[in-house]
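Reading the structure
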Amino acid sequence: MARVFLTKRIEFAAAHRYYNDAWDEARNRAVFGACHNDPGHGHNYMLEVTVAGEVDAQTGMVVNLYDLKQILKEVLEEFDHKHLNLDTRYFTRMIPTSENIAGVLWRILSTRPEIGVLEKIRLYEDDDLSAEIRTAGGAASLIRRYHFSAACRPPADRCAEGDSRRSRRKGEAVQDLDGHNYVLHVTVGGPIGGETGMVTDIPALDRAVQEQVVTRFNRKDLGQDPELSQLAPTGENLVRLIWRLLVKAVPDVRLERVGLRESRDAYYEYVG
Ligand code: NI
């Protein structure tokens, strides 16, 4: 029977500090930056737990959402309003990065069969950074959010508004410039590093995205871009170009997915 996926979101707050006992102060500072500051800093985490299962014929549910919420609250009691390094038993040696916290939550929740089959855990440290776990194998995905604005002359058939535009031939470029505040989601994945607790070096990822994508497109006319100008400047072509620009530039990690929100109503995603 086909399975239904159900996602429950729940918030908690916690503090953490990054340090590797095997390293000296200078190396900790160089690798972890401000995240190494004593005594630590806090985040309002948002946890999304996705479970999968068949719909029970009697209840019409995969799992009772109220029960799931109670279990998540019970599990999070150990973490909520705690200093993860000092007040929990999980991070005395392991660094409490989003990847590792999500991994710990995966291991705890996978021992609770009453929630059904655990499909995915996504933990948001904030709106710009989240980690995703889908297996118990010590691998994670990291999703980072970026912004840029750009202008383009969209093909006529993409512009529903305005009689003058509608009267143009399909595929023909309209003259008016259209602008968007693009939201870019870059997903990279791989094993969680034992020394850093991270899938990738986030500042290096940020630099790669900044250099390859943001600098290239931000506050520019996409029609003037050397590659995009050869194609229709659609979201589909832009998201594929961003993938091509990033796939070789992301540092020591696998690019898994590029998502591009063009407007409230349009989102493009590409996996090369
Ligand atoms: Ni932090």
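Source: prediction; values computed, not measured.

Turning next to the nonpolar core. Counting residues in each nonpolar core, the largest one holds 65 residues, and the members touching the most others are Phe79, Phe148, Leu184 and Ile242. Taken domain by domain, this core gets at least three of its residues from each of domain 1 (1-137) and domain 2 (138-163 + 178-272). Once residues lying within four places of it in the same chain are set aside, the contact partners of phenylalanine 79 are Phe12, Ala13, Ala14, Leu84, Thr88, Tyr90, Phe91, Val104, Leu105 and Ile108.

With that settled, consider the packing of aromatic side chains. Going through the model one piece at a time under the given rule, you end up with 8 aromatic pairs. Between phenylalanine 79 and tyrosine 90, the aromatic rings sit 5.5 Å apart at their centres with planes inclined by 15 degrees, giving stacked as the arrangement. Pair noted here: phenylalanine 79 is in the loop between helix 2 (65-76) and strand 3 (82-83) and tyrosine 90 is in the loop between helix 3 (84-87) and helix 4 (98-109), with a separation of 11 residues, a long-range link. Relative accessible area serves as the criterion here: at 0%, phenylalanine 79 is assigned to the buried category.

So, about the domain arrangement of the chain. Per the domain assignment, the segments of the chain are domain 1 (1-137) and domain 2 (138-163 + 178-272). Computed from C-alpha atoms alone, the centre-to-centre distance between domain 1 and domain 2 is 26 Å. On the side of domain 2, 18 residues touch domain 1, which itself brings 20 residues to the contact. Of the roughly 1600 Å² buried where domain 1 meets domain 2, counting both sides, 49% is carbon and sulfur surface. Ranking the residues of domain 1 by area buried against domain 2 places Glu99, Asp128 and Glu132 at the top, with a combined share of 36%. The interface formed by domain 1 and domain 2 holds 2 salt bridges in total. At the junction of domain 1 and domain 2, the tally comes to 9 residue pairs in polar contact (both at pLDDT 80 or more). Sorting elements by how many residues they give to the side of domain 1 that touches domain 2 places strand 5 (residues 129-133) first, with 5 residues.

Now for the pairing of strand 4 (residues 117-126). Within strand 4, 7 of the 10 residues are buried, leaving the element largely enclosed by the surrounding structure. Summarising the sheet, strand 2 (residues 41-53) and strand 4 pair through 7 bridges and their orientation is antiparallel. From the neighbouring strand, threonine 50 faces strand 4, where its bridge partner is lysine 120. Pairing geometry for strand 4 and strand 5, over 5 bridges, is antiparallel. The residue bridging leucine 123 from the neighbouring strand is alanine 131, located in strand 5. Between the antiparallel neighbours strand 4 and strand 5 lie 2 residues.

Along strand 5, 5 of the 5 residues are buried, which leaves the element largely enclosed by surrounding structure. Of the two faces of strand 5, the one lined by Leu129, Ala131 and Ile133 and the one lined by Ser130 and Glu132 are each fully buried. Relative to strand 6 (residues 139-152), strand 5 runs antiparallel, the two sharing 4 bridges. From the neighbouring strand, serine 130 faces strand 6, where its bridge partner is isoleucine 143. Joining the antiparallel neighbours strand 5 and strand 6 is a turn of 5 residues, in which glycine 138 adopts a positive phi near 85 degrees.

Let us look at the packing of helix 2 against helix 4. Where helix 2 contacts helix 4, the two axes come as close as 11 Å, and the packing angle between them is 125 degrees. Of the possible angle classes, the one that applies to helix 2 and helix 4 is oblique. Crossing hand, helix 2 versus helix 4: right-handed. Side by side, helix 2 and helix 4 meet where Leu72, Val75 and Leu76 of the first sit next to Leu105, Ile108 and Leu109 of the second. Residues that form the contact of helix 2 with helix 4 fall into these classes: 6 nonpolar, no polar and no charged.

About the thresholds
- Residues numbered from 1 in each chain as written.
- Predicted model: local features only at pLDDT ≥ 70, side-chain atom pairs only at ≥ 80, totals over all residues.
- Heavy atoms only, no water.
- Core = buried A, V, L, I, M, F, W, Y, C linked by side-chain atoms within 4.5 Å.
- Buried < 20%, exposed > 50% of the residue type's maximum accessible area, 1.4 Å probe, protein only.
- Domains from an automatic or database assignment.
- Contact = heavy atoms within 4.5 Å.
- Phe/Tyr/Trp six-rings, centres within 6.5 Å; stacked < 30°, edge-to-face > 60°.
- Helix = DSSP H or I, 4+ residues; strand = E, 2+ residues; numbered from the N terminus.
- Buried area = accessible area lost by both parts, 1.4 Å probe.
- Salt bridge = Lys/Arg side-chain N within 4 Å of Asp/Glu carboxyl O.
- Polar contact = N/O pair within 3.5 Å; in protein donor to acceptor, adjacent residues only side chain to side chain.
- Pairing = 2+ DSSP bridges.
- Axes fitted to C-alpha atoms, helices over the stretch in contact; angles between N-to-C directions.
- Parallel < 35°, antiparallel > 145°, perpendicular 65-115°, else oblique.
- Left-handed = near helix turned anticlockwise from the far one by under 90°.
- Nonpolar A, V, L, I, M, F, W, Y, C, P; charged D, E, K, R; others polar.

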